[in-house]
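Here is what each chain is made of, one letter per residue.
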Amino acid sequence: MPSSHPTTRRQLVVVGGSLAAGVALTTPAHARLLPRTRGIGRGRFLDGVASGEPGPEAVTFWGRLRTSRPRSAARLVVAADEGLTRTVATVVVPTSAGVDHTLKARVGGLEPGRRYWYAWQTVDDVSPVGRTKTAPAADSRAEVAIGFSSCQSYPHGFYNAHRDAVAHDELDLYVQLGDYTYEYEWGEYGDLRGGNGVDFASVDLTTYRDKLRLYRADPALRELHRLHPVVHTWDDHEVADNYTDGAPSPSALQRNAGYRASFEWLPRIAFPGDRFRLYRTLRYGANVELVMLDERQYRTTGAPGQTILGRRQMDWFKRTLSASSARWKLIGNADLFAPLGVNPTGEGLVDPINIDGWGGYPAERAEVLAHIAGQGIDDVAFLTGDVHMFMANQLVHGGRSVATEYMGGSVTSPALPDGLGDVAAPLIQAINPHIRFLDPVRHGWAVARAADGMLRVELRSNDTLVDGSPSRTLASFVQHRGQNAIDIASGTSSRARVGDDPALRAAPRGGALDRRRRRIARVADADLERRADVAARRSRSAAARRALRRDRATRRRTTR
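This is a predicted model, so every value here is computed, not measured. (Residues numbered from 1 in each chain as written. Predicted model: local features only at pLDDT ≥ 70, side-chain atom pairs only at ≥ 80, totals over all residues. Heavy atoms only, no water.)

Re the environment of Thr67
Looking at where Thr67 falls in the secondary structure, it is placed in the loop between strand E2 (59–64) and strand E3 (71–79). Reaching out from Thr67, the side chain makes a polar contact with the backbone nitrogen of Arg69 at a distance of 3.1 Å. (Helix = DSSP H or I, 4+ residues; strand = E, 2+ residues; numbered from the N terminus. Polar contact = N/O pair within 3.5 Å; in protein donor to acceptor, adjacent residues only side chain to side chain.)

Details of the sheet that holds strand E6 (residues 115–121)
Hydrogen bonds between backbone atoms are what pair the strands of a sheet, whose relative direction is either parallel or antiparallel. As summarised here, the arrangement of the four strands in space is E4-E3-E6-E7, forming an open sheet in which the pairing is antiparallel. The outermost strands of the open sheet, each flanked by one partner alone, are strand E4 (87–96) and strand E7 (130–133). Strand-to-strand twist across the sheet, computed as the mean angle between neighbouring axes with direction ignored, equals 25 degrees. Here E3 runs beside E6; their pairing, made up of five bridges, is antiparallel. Across the sheet, Val77 pairs through a bridge with Ala119, a residue of E6. (Pairing = 2+ DSSP bridges. Axes fitted to C-alpha atoms, helices over the stretch in contact; angles between N-to-C directions.)

Examining the pattern of salt bridges
With the rule as written, the count across this model stands at 32 salt bridges. Here Arg449 makes a salt bridge to Glu170, at a shortest N to O gap of 2.7 Å. With Arg449 in strand E18 (residues 443–450) and Glu170 in the loop between helix H2 (160–167) and strand E9 (173–177), this residue pair connects regions lying 279 residues apart in the sequence. In this structure, the salt-bridge partner of Glu264 is Arg260, at a minimum N-O distance of 3.3 Å. Residue Glu264 and its partner Arg260 are located together in helix H5 (residues 252–265), separated by four residues, close to a single helical turn. (Salt bridge = Lys/Arg side-chain N within 4 Å of Asp/Glu carboxyl O.)

Concerning the nonpolar core
One finds Tyr159, Leu171, Tyr174, Tyr215 and Trp445 to be the most contacted residues of the largest nonpolar core, which totals 41 residues. In this structure Tyr174 touches Gly147, Phe148, Ser149, His162, Ala165, Leu224, His228, Pro229, Val230, Val231 and Trp445, once residues within four positions along its chain are discounted. Met314, Tyr361, Val368 and Phe382 belong to the second largest nonpolar core, which has 36 residues in total. (Core = buried A, V, L, I, M, F, W, Y, C linked by side-chain atoms within 4.5 Å. Buried < 20%, exposed > 50% of the residue type's maximum accessible area, 1.4 Å probe, protein only. Contact = heavy atoms within 4.5 Å.)

Some points on the sheet that holds strand E17 (residues 435–439)
Taken together, the seven strands give an open sheet; going across it, the order is E11-E12-E13-E14-E16-E15-E17, and neighbouring strands pair in mixed fashion. What marks the edges here is a single partner per strand, and that holds for strand E11 (280–284) and E17. Sheet twist, expressed as the average angle between the axes of neighbouring strands with direction ignored, equals 20 degrees. Taken together, the four bridges between strand E14 (residues 380–384) and strand E16 (residues 400–408) define a ladder with parallel strand orientation. Residue pairing for E16: Phe382 is matched across the bridge by Glu405. The strands touched by helix H6 (residues 311–323) are E11, strand E12 (288–292), strand E13 (328–333) and E14; relative to E12, the strand with the most contacts, the crossing angle is about 175 degrees.

With respect to the side chain of Glu405
Here Glu405 shows up in strand E16. Of the side chains bearing the opposite charge, Arg365 lies closest to the buried Glu405, which forms no salt bridge; the N-O distance is 7.7 Å. A polar atom in the side chain of Glu405 sits 2.8 Å from the backbone nitrogen of Phe337. Once residues lying within four places of it in the same chain are set aside, the contact partners of Glu405 are Asn333, Asp335, Leu336, Phe337, Ala338, Phe382, Thr384, Met391, Ala392, Asn393, Leu395 and Ile486. (Lys, Arg positive; Asp, Glu negative; His and termini not counted.)

Encoded structure:
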């Protein structure tokens, strides 16, 4: 909603409404409070602001300049109040075309568990005022609220999940669990925002950067970044679909281009000596240790040596779980961990549907669960993305649940069509009793609230085809400390009927909404066919490798 101020952006006023309230993001008063422009360059702030990686005393701040100059600089101002009158830090940050004119600063010396506001300034512009929050002090027993989501394909609908998360003022952190962007060109994977053809394939550094700029042009995603600190891990589509399945994988140059663009456009600082490392922990007081995993960069396919985490990350993960004193160990997990297939005990190895997730790496999944069980590590909960479903799973080892998993659906990416979902949900649960809740049709996000004695998880859904559609609670769960199993507080143990939700009832046949939903069904069917084809190719490849090994062994025996 536009501001009523008559001044222009070029006069150092950034206008534009909050999604919820329509207030001015930067006012003339803000501009007057900022330091003089000495030492900073030119450029405009047209891509929003963001913050991330919050610690008790430090936060990473992000901005970006639009400028034709190869080099420039901007000043970051951090304040203890929304009016920017109580400044706590200022820093001048250089930038250049080599980093796509992105701006990053890690600001320390902040106080634990409190909000801060910030803005960027150049000679001729001021950014919107962002808001962030530091992590609580190490001994804090305050409840921690963490939102999480994944799979936000831009053409497939509107980011109503992000609009809803913006309205949740209590969030301490928002976790984005992969498929932040999709590499496809418009129409290749669906076309539901109106078919205006603005999307494009991303294959190199220029197009990966352009893809990120397109996604961040969405007002709901931009507002999410402006108001909540974010931490992100990637899955496959930030580079290419299932790009370690050998079908074939993109080149190292293309992978590096996707990784580099992601690092430029998200509020994170590189580890010294490990440029693209994502796996790390964020401690939130006494209640939460958030363990972020990277399940794409280090994986390999084919035996021997098949791995989803890589040995270095796997050993780090196990050490981290063993050493954590937090009440809740929450795992930022891009790919489905629980078995999804024919698993009557919840711990079988037959997992044909989930070969690109942990189901394709059963030895490593078993290693993680054996470590949790063997070390007696309680209260481990995986927060998961990837498969475009809402789920709540118990993770079984030795016949008992030793950890849990919650999946927040997809923000927009295709789920199963209504009719197929009605059939699939009860069938999947019947042969996978460790899946306590499943909705393979709806879209949305989730929030985990961790307190001293319990973890509460709420799944929230919305209609992605109507911009601004409200969200509702689809289901909620309670997990008591030491229980390592899920109680369903509300919702059903399987997918509720779509007709139960007036916002999601079927549109009249022949209407625009009905046509869009039929397009969704076609896209989902094509996606299932693609996954089946990948599984078949991997199966044939494995069989060929086994045959080759047998042939070599036979030749060796006959030549002795």
